[in-house]
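Read off the chains here:
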Amino acid sequence: MSDTIFGKIIRREIPADIVYEDDDLIAFKDINPQAPVHLLFVPKTPIATLNDLQPGQAELAGKLFLAAAAYAKRQGFAEDGYRCVVNCNGHGCQTVFQLHLHLLAGAPLRGGFA
Ligand code: 5GP
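Read on for a plain summary of the structure. Computed from a predicted model, the values in this text were never measured in an experiment.

Another aspect to go through is the packing of aromatic side chains. Tallying each qualifying case throughout the model produces four aromatic pairs. Pairing Phe-6 with Phe-28 gives two aromatic rings, centres 5.3 Å apart and planes at 70°, and the pair type is edge-to-face. Of this pair, Phe-6 sits in helix α1 (residues 5-10) while Phe-28 sits in strand β2 (residues 25-29), and the two are 22 residues apart along the sequence. Seen from their ring centres, Phe-41 and Tyr-71 are 6.4 Å apart, and the 70° between their planes marks the pair as edge-to-face. Here Phe-41 is found in strand β3 (residues 37-43), whereas its partner Tyr-71 is found in helix α2 (residues 58-75), with 30 residues between them in sequence. Residue class for Phe-41 comes out buried when judged on its relative accessible area of 0%. A connected cluster of aromatic rings, assembled from ring pairs, spans Phe-41, Tyr-71, Phe-77 and Tyr-82.

Below, the structure written as structure tokens:
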């Protein structure tokens, strides 16, 4: 795991409110939530940005989405809806360079993407 803040969370070197973990990924609450529910789904494999995702990691990418959807179903907000976002590099406002999927939910979210 590369040495990002998320790597430290995965290695339990800093605390986080972890809501899900398996062999491939971890999910925890965002420290600065932008919605009533704001989670980060993070692969344990070091992948800095979406640009760095390899074809051989397609299953891992799918697992991120499936884990987010499964969480939404378990928590009972899947039918109301939610948003999944991946930010990439500067124009995408990525600030932590370990690939992660934001899951935002819990209220009607604003439309638009910028
Ligand atoms: P990005 O901007 O890279 O797409 O998203 C990074 C996210 O990580 C931000 O929403 C930010 O609030 C969150 N974050 C940054 N540092 C920490 C931390 O130490 N703990 C947790 N739980 N979230 C963090």
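Okay, the site of the ligand next. If you check the shell around the ligand, you find 16 residues, and the closest are Lys-29, Asp-30, Asn-87, Thr-95 and His-102. For the ligand, an oxygen atom lies 3.0 Å from a polar atom in the backbone of Val-96. One nitrogen or oxygen atom from the side chain of His-100 is found 2.9 Å from an oxygen atom belonging to the ligand. When the ligand is considered free in solution it has 520 Å² of accessible area, and contact with the protein chains removes 83% of it. One can see that the ligand is located within the largest pocket. Among the elements of the structure, α1 and β2 are those that each provide at least two residues to the shell around the ligand. Examining the composition of the shell around the ligand, we find that three residues originate from one element, α1, more than from any other. Here the shell around the ligand is built from residues that sort into eight nonpolar, six polar and two charged.

Reading the values: rules and limits
Residues numbered from 1 in each chain as written. Predicted model: local features only at pLDDT ≥ 70, side-chain atom pairs only at ≥ 80, totals over all residues. Heavy atoms only, no water. Phe/Tyr/Trp six-rings, centres within 6.5 Å; stacked < 30°, edge-to-face > 60°. Helix = DSSP H or I, 4+ residues; strand = E, 2+ residues; numbered from the N terminus. Buried < 20%, exposed > 50% of the residue type's maximum accessible area, 1.4 Å probe, protein only. Near = heavy atom within 4 Å. Polar contact = N/O pair within 3.5 Å; in protein donor to acceptor, adjacent residues only side chain to side chain. Areas by Shrake-Rupley, 256 points an atom, 1.4 Å probe, with all protein chains shown as cover. 1 Å grid on protein atoms, 1.4 Å probe; cavity = no way out; pocket = protein on both sides within 12 Å on 5 of 7 lines; lining within 4 Å. Sits in = over half its atoms within 2 Å of the grid points. Nonpolar A, V, L, I, M, F, W, Y, C, P; charged D, E, K, R; others polar.

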